[in-house]
Every structure is written in structure tokens, then in C-alpha cells.
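# Examination of the molecular architecture
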Amino acid sequence: MLRLLVLTLLLTTNVFAQDITTLEKIGDVVSLTKTDKSVTLICNDNSQVQLTILAPDLVRVRASFTKPIPAKDHSWAVAKNDWSTPRWTVNESPTAITITTDELEVTIQRSPLLISFRDAHTHQLLNADERPMSYDANASLAPMMFDPKAGPFVAASKKLGFDEHFYGLGEKASRLDKRRSSFVNWNSDTPGYFEGRDPIYQTIPFYIGLQRGIAYGIFFDNTYRSYFDFGKSSQQRAWFGAEGGEMNYYFFHGPSIKKILGRYADLTGHMPLPPLWALGNQQSRWSYYPDTMVEEVVNEYRKRDLPLDVVHLDIDYMHGYRVFTFDKDRFPDPKALTDKLASQGVKVVTIVDPGVKHPVDKNERYHAFDQGVEKNYFQRRRNGDLFVPRVWPGESVFVDYTIPEARRWWGDLHRVYTDNGIAGIWNDMNEPSDFVDQTGKNQLDVVSYDEGEKSTHAKNRNTFALLMSRATYEGLERLRPDRRPYVITRAAYAGIQRYATMWTGDTNSTWEALGLNIPMFTSLGLSGEPFVGSDVGGFIGRGNGELLVRSYQVSFLAPFCRNHKVIDGYDQEPWRFGKYYEDIIRKYLKLRYALMPYLYTTLEEAHRTGVPPFRPLLLNYQDDPNTYNLDDQFMVGNDLLVAPIMKPDVTRRLVYLPAGSWYDYWTNKKYSGDTMISVDAPLDVVPMFVRAGAMIPVWPSLNYIGEKPVSLITFNIYPDDSGSASATLYEDDGLSPAYKTGAFRRTTLTARRGAVSIGPIEGSYNPGPRKFNYVDKSAKRTKA
Ligand code: MIG
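Quick caveat: nothing in here was measured; it's all calculated off a predicted structure. (Residues numbered from 1 in each chain as written. Predicted model: local features only at pLDDT ≥ 70, side-chain atom pairs only at ≥ 80, totals over all residues. Heavy atoms only, no water.)

This part covers the overall build of the protein chain. Of the regular secondary structure elements, the protein chain holds 14 helices and 48 strands. Taken along its principal axes, the extent of the C-alpha atoms in the protein chain is 75 × 75 × 50 Å. Sorting the 784 residues of the protein chain into buried and exposed places 65% on the buried side. Partitioning the intrachain contacts of the protein chain with sequence separation of at least 6 by distance along the chain shows that 68% fall at a separation of at least 24. Surface exposure of the protein chain reaches about 27900 Å², of which carbon and sulfur atoms provide 51%. Mean positive and mean negative side-chain charge positions of the protein chain (91 and 93 charges, respectively) differ by 3 Å. (Helix = DSSP H or I, 4+ residues; strand = E, 2+ residues; numbered from the N terminus. Buried < 20%, exposed > 50% of the residue type's maximum accessible area, 1.4 Å probe, protein only. Contact = heavy atoms within 4.5 Å. Areas by Shrake-Rupley, 256 points an atom, 1.4 Å probe, with all protein chains shown as cover. Lys, Arg positive; Asp, Glu negative; His and termini not counted. Charge placed at Lys NZ, Arg CZ, Asp CG, Glu CD.)

Quick look at the side chain of asparagine 248 now. Looking at the element boundaries, asparagine 248 is found in strand β19 (residues 247-253). Take asparagine 248: its relative accessible area is 7%, and that puts it in the buried class. Residues within four places of asparagine 248 in sequence aside, it is in contact with Arg60, Val61, Arg62, Phe219, Phe220 and Asp221.

Let us look at the sheet that holds strand β40 (residues 670-672). Read from one edge of the open sheet, six strands run β35-β36-β37-β42-β39-β40, paired in antiparallel fashion. In the strand order of this sheet, the two ends are held by β35 (614-615) and β40, each with one partner. Pairing analysis gives three bridges linking strand β36 (residues 634-636) to strand β37 (residues 640-642), with the strands arranged antiparallel. Paired with phenylalanine 634 across the two strands is valine 642, which belongs to β37. (Pairing = 2+ DSSP bridges.)

On the secondary structure map, tyrosine 580 appears in helix α12 (residues 579-594). Sequence separation between tyrosine 580 and tyrosine 401 is 179 residues; the distance between their C-alpha atoms is 48 Å.

Bringing helix α3 (residues 291-303) into the picture now. Each α-helix winds once per 3.6 residues, and so residues spaced three or four apart point in a common direction. Here α3 is 13 residues long and its end C-alpha atoms lie 18 Å apart, about the 18 Å a rise of 1.5 Å per residue gives. Among the residues of α3, Asp291, Val294, Glu295, Val297, Val298, Glu300 and Tyr301 are the ones counted as buried. Structurally, α3 contributes buried residues whose contacts are with β20 (282-283), β21 (310-313), α4 (334-342) and α11 (545-555). Positive phi shows up at aspartate 305, right after α3, with a value of about 60 degrees. (Expected span 1.5 Å × (residues − 1).)

Moving on to the pattern of salt bridges. Inspection of every chain in the model, using the stated rule, returns 57 salt bridges. The partner of arginine 470 in a salt bridge is glutamate 474, and the shortest N-O contact between them spans 3.2 Å. Placement of both arginine 470 and glutamate 474 in helix α9 (residues 464-479) is noted, with a separation of four residues, approximately one turn of the helix. Overall, the relative accessible area of 19% leaves arginine 470 in the buried class. We classify glutamate 474 as partly exposed; its relative accessible area is 25%. The residue arginine 770 makes a salt bridge to glutamate 731 at a minimum N-O spacing of 2.7 Å. Placement of arginine 770 in the loop between β47 (755-762) and β48 (771-776) and of glutamate 731 in strand β45 (residues 724-732) is noted, with a sequence separation of 39 residues between them. (Salt bridge = Lys/Arg side-chain N within 4 Å of Asp/Glu carboxyl O.)

Neighbouring the ligand are 13 residues; Asp314, Asp428, Arg490, Asp506 and His564 lie closest to it. Taking aspartate 314, its side chain carries an N or O atom lying 2.4 Å from an oxygen atom of the ligand. The contact in question runs from a nitrogen atom of the ligand to an N or O atom on the side chain of aspartate 428, over 2.7 Å. Protein chains bury 95% of the 350 Å² of accessible surface belonging to the ligand in isolation. Here the shell around the ligand is composed, by residue class, of eight nonpolar, one polar and four charged. (Near = heavy atom within 4 Å. Polar contact = N/O pair within 3.5 Å; in protein donor to acceptor, adjacent residues only side chain to side chain. Nonpolar A, V, L, I, M, F, W, Y, C, P; charged D, E, K, R; others polar.)

Here we come to the pairing of β47. Here six bridges tie strand β46 (residues 744-752) to β47, and the two strands are oriented antiparallel to one another. Residue pairing for β47: threonine 750 is matched across the bridge by serine 757. The antiparallel pairing of β46 with β47 creates a hairpin that spans two residues between the two strands, and arginine 753 there sits at a positive phi of about 45 degrees.

This part is about the nonpolar core. Formed by 168 residues in total, the largest nonpolar core has its most connected members in Phe219, Trp410 and Leu557. With seven residues, the single largest contributor to this core is α9. Setting aside residues up to four positions removed in sequence, leucine 557 forms contacts with Arg592, Leu595, Leu599, Phe614, Phe634, Val636, Leu640, Val642 and Met688. Core analysis: the second largest hydrophobic core is formed by 47 residues, Val90, Ala150, Ala242 and Met247 among them. (Core = buried A, V, L, I, M, F, W, Y, C linked by side-chain atoms within 4.5 Å.)

The next thing to look at is the environment of tryptophan 186. Residue placement: tryptophan 186 occurs in the loop between β13 (182-185) and β14 (202-203). Using a relative accessible area of 3% as the deciding quantity, one classes tryptophan 186 as buried. Measuring from C-alpha to C-alpha, the distance between tryptophan 186 and tyrosine 227 comes to 9.3 Å, with 41 residues separating the pair along the chain. Dropping the residues within four chain positions of it, tryptophan 186 is found in contact with Pro199, Ile200, Thr203, Arg225, Thr439, His457, Ala458, Arg461 and Asn462. A distance of 2.7 Å separates the side chain of tryptophan 186 from the backbone oxygen of threonine 439, its partner in a polar contact.

This brings us to the sheet that holds strand β5 (residues 58-64). Hydrogen bonds between backbone atoms are what pair the strands of a sheet, whose relative direction is either parallel or antiparallel. Here we have eight strands laid out as an open sheet, ordered β2-β3-β4-β5-β19-β16-β15-β12, and antiparallel in their pairing. At either end of the open sheet lies a strand with only one pairing partner, and these are β2 (29-34) and β12 (165-168). Strand-to-strand, the axes of this sheet are offset by a mean angle of 20 degrees, without reference to chain direction. Taken together, the five bridges between strand β16 (residues 214-220) and β19 define a ladder with antiparallel strand orientation. When the sheet's bridge partners are listed, glycine 217 is paired in β19 with phenylalanine 252. (Axes fitted to C-alpha atoms, helices over the stretch in contact; angles between N-to-C directions.)

One way to put it is that α12 packs onto helix α13 (residues 596-609) with a least axis distance of 5 Å and a crossing angle of 60 degrees. Classed by the angle they form, the pair α12 and α13 counts as oblique. Residues Arg592, Tyr593 and Ala594 of α12 form the contact with α13, whose own contacting residues are Met596, Pro597 and Leu599. Among the residues forming the contact of α12 with α13, the class breakdown is five nonpolar, no polar and one charged. (Parallel < 35°, antiparallel > 145°, perpendicular 65-115°, else oblique.)

Structure below.
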């Protein structure tokens, strides 16, 4: 009873912070065993630590307290298990064991057991344990009550560098550099969140440490509620831990962040390319209905010469919020609607929530519920009762997505969408949100199949969205094998990039919320989620024309660019505040479409290398400490630098230009970097700069992707101080998965004092007849 009380307090207040100095430390090393890929250390308290060498720059650390490493080893996040073991050696001395790869030197001090990571060449220390890995020997933590297999709280603690910066950790309502902050991961529906609210929707337990320009990464693959403290509770340590599960982390050696992101993508999966039109402009509302209103929105866009590729249907398209149905009065003929919109170049995305309506009346038939009950695919409580949360349909049930057949069944249910011409699926509420209680209290005794482990909510909450997105993605892949799936999710766990793109949930229509866009998008990019965006204009509350314009001036270069608004909010489509604002928004939407070949080239880079399109400056200028906290500017790819205004009534700002030369995008005026400049930014201007040495490909004006064949690509040349510039252009069919088997074309171009040479060209895709045109921007300086 007392435990229950403590549990209730912990969960309702959510201010619990573990004092890791009270935890029991792992014992000393007494012996070791080796295989061709790993070393297992056996400790004097029967604990074991296993270090597995996956790549020269990637070592996995697994610890099991007071018992052997379990034979079972499973992760929903990890995509690659077949690493070809690199060269490595192990050396034993009386005091330590040292594992050496071509890049890393990992030393395990025997007593006390402390692990340190060094650069194999310079022997420079990268990261070191501050105390031995530890666990809660008293096992006093609450979730165990419901999940005896959870095990105790586990933690690892690292020395905090005096000058160490921390990045990543997925979706956090916080600034870019996470030094001196602490965070909790427990996927939560947090409408109207503000800076500092934590946790919010997603769990990506991966971070990057950067000190003296040298980076490492740590991925703590543990799905229980987890904690990260980057020098907040003590200036001596950065620690991470979780309320159960294994101490199980991967250490990535840089020194470059880009390299770490590539390895992280190898480990947890590369983002597949979405259809090219996913980079198009998108419009949403909770909710457009009936069908004629959707048509009206699209007609407005076309009439006003505003580009648009996608319109979203929020929850009111359904029959009484029943997923996989359409309301017969509001959407009597969805296929006719999608056909009609397709003829205007617009694709339709529908929302699909996890809550499957539980019929109120026993005699009511609803196929999704009936089939799921018959097949026993819905989550149940430990006592065998169906788990019945309350969400939009009222009393509902959730699928146990850990059951492979249930994922397949769920995916196949999407046939009703693909048959009706729906182009993509938007997964919301998948924390999973439950109106009975948003902290998860009502779900603690829900059991999931989990590969036969029959584990509970404490372990499965944070992966629910990952598995739901997976079911959706794989379903769309089966239903339309010749098309790339397009899935958008709100909640996530590491690995989500294999299945879904994301948006940052229910923001406020405020300047404060707009100020979070850049740190959140860039942090997500540093966490393996390249395809990100936020409701343009903000979701909750009433904005105004100025806020909407400034919001577009951030999002017009974000991968996901969608204006969306809450049900009772003031309308905020681009024209709603009048022509003055609409004209500016048109300018930025058109600029986005003009830059499409550049955006797509950087998106393909993200797919291939894990390096995101939307970047903090530090990703391109890792040696420049001026960039380490810079989160009111961003870059797209290597070449575009944008410094938006995110405050009302402000029309001038400081812009930091890193070393090198830069061209003002609007005037072509050239600046020397490595300095701060002050620039004008009236409402119609977002300060934007092009790196000298770049060539930016642009398309002719389009109302939507594929409106007409692109027969002319213009390369705007921004020569560097020696008169040179270069570019890469990536092209493919934009729709099918054929790019995965070589049907793409990557063209490299180099300009030297006006002469452009093309080559090499990679890939087998034939882009059809199209001409290249070259414009030397250094000769086109205009007056501001
Ligand atoms: O409880 O579907 O974040 O984008 O419009 C609110 C209705 C549920 C939350 C999503 C939002 C969406 C809304 N949903």
C-alpha cells in the first residue's frame, strides 16, 4: 500500500530525480572471456560487462548486475545486427584491460570498474566513467511492482568535461546545447508545451558530446522511462539511467559529428526517401469537412497562385472517430474527392489514431474492433481484461503492436485508404495518449506480447509509436509496392526514421513557441530524425499576420512544411490576414519550390549519410565555438545559412557568418565570415546567405511537384575567393523505391572562372531532356 502511494506520488508529480550516488556500484573485474567480437568481464559480485566491437568507431557496452548477461538480446531500435567485425586486440594488465580498434582505445580499469574511451591514434581521452556503473540494489522503484522482469534502476555516469557541450536527445522543448540541463524520456501528450516542459512526445536516448571540437556519441538503448543529466545535479558528471531494463549503450567515436550520425544511421536504420511531393507545401486543419470545404481550400490555393502539394484530413473525416472509416455525410465519395484533387496536383493525407472505438452497444458491428477482438490483437491488462482507454472515439482499445501478426493486420487495414486514393498516413496520439490519465498511470498493468516476454507498460510505452508507425509503413509498402510510403508520427523511439517523418506536436501560436523551432529541428536532426517540421503559424491560440510570416520564414526550408491549426483556433491559411502578408508568404513558398532540387539533394544526403538537411551551424563548423550555442540561425545543407526573425516588431538582427565568404542571397553582396554582421530584416525579408564556393540548383516555378516536366535547371554560381564553385545534384523519379536499386542520377558540377564542367555522373536514372543554365551571382550584385 505504501509502495502504491509512493508510486502514485512519483507519477503524478513527475519531479522525481534519482540520486545516483546512493546506487550500488558494480563489482570489480575478476576474470574475462573472449569471442571474436566481444569481451565479457566477470565481476566479484557476479555482475558481467560485455563489450562488443561492431566497427572501429562503434563499441557496445552491456552490463548485467549481479547476474550473467542474459542470452536474449533484442532491440526494436537496432536495424543492423550483421556487423563484420573489424580488426581489434585486447591486452590485459594487472590493473586494466584494453581493447584497441583502428580508431578507439577502450580501457577498463579492474578495481573499481571504470571504462574510458580514447582516440587510438592520439590517445586523447574522449569519455570516461565518473563512477562504476550502478543499480538500485534495494529495488525500490515502483514499476517493478507490475513488471517483475523490469529489474532495478540502472545508471552510468560520465565525467563532465569542463568545456563539454551536449546535443541531440531527440525532441525536447529546450535549447540546442543541453549542457547543465536534465531530461526524462516518457512519451507524453503535452499540448501547448513551452520551453522546459519535459518529457514531451518522443524518446530518442541518443546524445552527442563535443569538447575541443572532438565529438563522441552515446546511444542508451533502453525503452524504460529514462533520465539524462548533463551536469545539472552535479558539475562532475553527466549521467544516464533508466527505471529497469539493461545498462546497454553504444559508444560512437567521431571526431566528426557527421561521421557519428552516419554510424547511428547504420545502427538504427537509414531514413528511406519519402515521395518528393512530401517536400511540397502542405495545409491542414482540425478539421476540414465536408469534402466541399477541402475543395474550397485547394481552390483558394490555386486561385491565389500559392503552391500546394498536400492537404490533410484530421479526425473529423471519420464516422464517429472510427479509424478506417469515412463519415458518409461529410465524405460520401472519398475516391471522387482524391481524384478531383489529384487533377489539381494535390495529395490527401488522413490522420489515423491508435484508439479503436469500443462499441457502446454490443450489437454494433465495427470491423476494426471485431477483427481485433477475434484475433486477440488488442492490449489487455494483467488480469486478462481488455484495456479500455478513453480517447477521441470515447472508450477505445489499443493494438498490441509488438505482435507481428497484429502489425500486419493493422497495416492491411489501410487498404481502405489506398483504395480511396489517400496518399499518406498521419499517426497522432501514439504516446499513447489516454484521456483517463496522461502520465501512463492507467496503463501500468497493460501487458504486451513483446517477443514472448509479456512485459508491461513500463517497458513498452516508449516504443508504442515506433511499432505503430512500423505497422503503417510496412502496410503501405505492401499495399502500394511501387510507391514510397509517407507516414508522419507524433511520438517515437530511436529507429523511427526507418518508418516515419515527424512534426513537433501541439505548439502555441506565440513568439516563444516559434523560438523553439530552430533548436528543436536541429536537435532532432542531430538525433537521427532528419525529416522534421512544426505546425506553421503554431497550433494553439490566435496568431497574427506577422507571426505567420515569420513562422513561414523558418519553415519554408524545413523538410516538413505544413500549416496546421487547432479546432477552435483562429483561421491561419496564408491568406487569412490579408494581401500584404499573403504576398510575402507566396514569395517564400515559391522560393521553397524553386530550391526543390537543392532541398531534395540534401534530403537524399540524409538518407544515405544520416546528416540532416536542417542543420545547426555547428554541424558544418564543428571547430568553431561561436556556433556551439547558436540556435537562432540554421543551415540547409552545406550552403544556405538562414537567420530568421523570431520576435515581434523586429526588423534588424545580428547574423553570425562562420569563416569563409558569404553572399547575401537577396543582393548578392559578398561578406567575409568569421564575424557578426548586422542586417536589415523587414517583414518581407529573411536574412539568408549562400556559402561562397556553392552552386545552388533551382527549378522553374511550379504549383506542385510534377506539374510539368522540369526542362531547365538553373545553377546559381557563388564563386569563392579563387573563383571556384561546385555542386551536386540528385535526381530520381521522386515516387518509386527504384532509387534503392540504382535508379537515380547524381551529377557533380564544378565551375572555375566561369567555365562549368560536369562529371562524374552516378546512377542509372534518366531524367529526360533537361537543360542546365548557369548564372554567376558574383556579377549580379543588386542594390538592397
Ligand atoms: O487531442 O486530431 O497533435 O495535430 O489536430 C488532440 C486532433 C488530437 C493532436 C494533434 C493535432 C491534431 C489533434 N490531435
